[in-house]
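# Reading the structure
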Amino acid sequence: MRYGFDRRAARLAATLALSGCLPAMPDAAPLRGIASQQADATGADAGAVDGEPQDDVDGPACPPALTGELVLNEIGLRPTGLDLDGDGKVSARDEYVEIVSNAPHPVGLAGVTLHFAGQERGVVVAAPCLAPRHAALLVGSTTAPFLPPAGSLRVALDRTLRLTDAGGRIALRSLAGGVHDAVDAPAAAGTGPHVWARRADGQFDAPFAEHGWLGPGRAHSPGVCLDGSAFPHCPTW
């Protein structure tokens, strides 16, 4: 399947259009609200880097991530026992893909697409700027709003994730179609959580394994380092 720049650019432009003759831009207030809640919870601007405030939504001060600057860090294909969005039940809406930025400055995620098993699973329409060595939790369009851990962001795609126990190739692509990162997740074995994570947070060359083999008695760690530390303070850095 080909993913051409023209088609992607046209779709994103249509989604973000402000002109009255094109579809209206989706309300970004929920994402801004999450950023504000995170700032209140941490005592700092959710978009601040080294004490300097950044735009809360992708814009001129927040350039798009270049190909290769975003790392797939943890994939919750079957996050058994995790109610990520706090809606009172564990379901497919609690699936997530955690990414980490290795860019030297805050970057924008608008236009980034997630692919699973050969199919596009959604595109990021708008998101707060992602600071260096901070994480973003990519969730589906039906996942309820929630406050992510300090050092991470909640970023909704325009579709449901629909990850499956059968596993498959997971790829993160830029608007132009370049691959930021990709990994082959195996099929789930038996019952229980199936969360695929890097052995060292945010490291491109670190191999993946079942999270339960890596974390200290933890089946998953969405929005935090493997040992539970807050980004960007992972012990491997």
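As a starting point, this report considers the structure included with it. Keep in mind that what you see is a predicted model, and the values were worked out from it rather than measured.

Let's shift gears to the packing of aromatic side chains. Pairs of aromatic rings are described using the distance from one ring centre to the other and the angle between the two planes. This structure, assessed with the given rule, holds two aromatic pairs. Judged by centre distance (6.5 Å) and plane angle (10 degrees), the rings of Trp196 and Phe208 are stacked. Here the residue Trp196 occupies a position in strand E9 (residues 194–198), and Phe208 occupies one in strand E10 (residues 208–210), the gap between them amounting to twelve residues. Phe208 shares its class with Trp196; the two are buried. Ring centres of Phe231 and Trp237 lie 6.1 Å apart, and the angle between their planes is 45 degrees; on these two criteria the pair is classed as tilted. With a relative accessible area of 2%, Phe231 lands in the buried category.

Applying the stated criterion across every chain, the model contains two disulfides. In this model, Cys62 is linked to Cys129 through a disulfide, with the two sulfur atoms separated by 2.4 Å. With Cys62 in the loop between helix H2 (29–42) and strand E1 (70–78) and Cys129 in the loop between strand E4 (119–123) and strand E5 (135–139), the pair connects residues that are 67 residues apart, well separated along the chain. We classify Cys62 as buried; its relative accessible area is 3%. Under the relative-accessibility criterion, Cys129 is labelled buried at 5%. Between the sulfur of Cys225 and that of Cys234 lies a disulfide, 2.1 Å long from S to S. Note on the Cys225 and Cys234 pair: the S-S dihedral is about -80 degrees, so by sign convention the disulfide is left-handed. On the accessibility criterion, Cys225 (0% relative accessible area) is buried. Take Cys234: its relative accessible area is 3%, and that puts it in the buried class. Taking only the cysteines that form disulfides and numbering them from first to last, the protein chain has the pattern 1-2, 3-4.

Reading the values: rules and limits
- Throughout this description, residue numbers start from 1 for each chain and increase along the sequence as written.
- For this predicted model, a pLDDT threshold of at least 70 governs which residues receive local features, and a threshold of 80 or more governs which side-chain atom pairs are given and counted, while totals over whole chains, interfaces and linings are taken from all residues.
- Side-chain metrics in this entry use all non-hydrogen atoms of the structure; hydrogen atoms and water are not considered.
- When the centres of two rings from Phe, Tyr and Trp lie within 6.5 Å, Trp using its six-membered ring, the rings pair. Their planes under 30 degrees apart give stacked, over 60 give edge-to-face, and anything left gives tilted.
- Secondary structure elements are taken from DSSP: a helix is a run of H or I of four residues or more, a strand is a run of E of two residues or more, and numbering for both begins at the N terminus.
- Here's how the labels work: a residue is buried when its accessible area is under 20% of the maximum for its type, exposed when over 50%, partly exposed in between, all with a 1.4 Å probe on protein chains only.
- Disulfides are defined as pairs of cysteine sulfur atoms found within 2.5 Å of each other.

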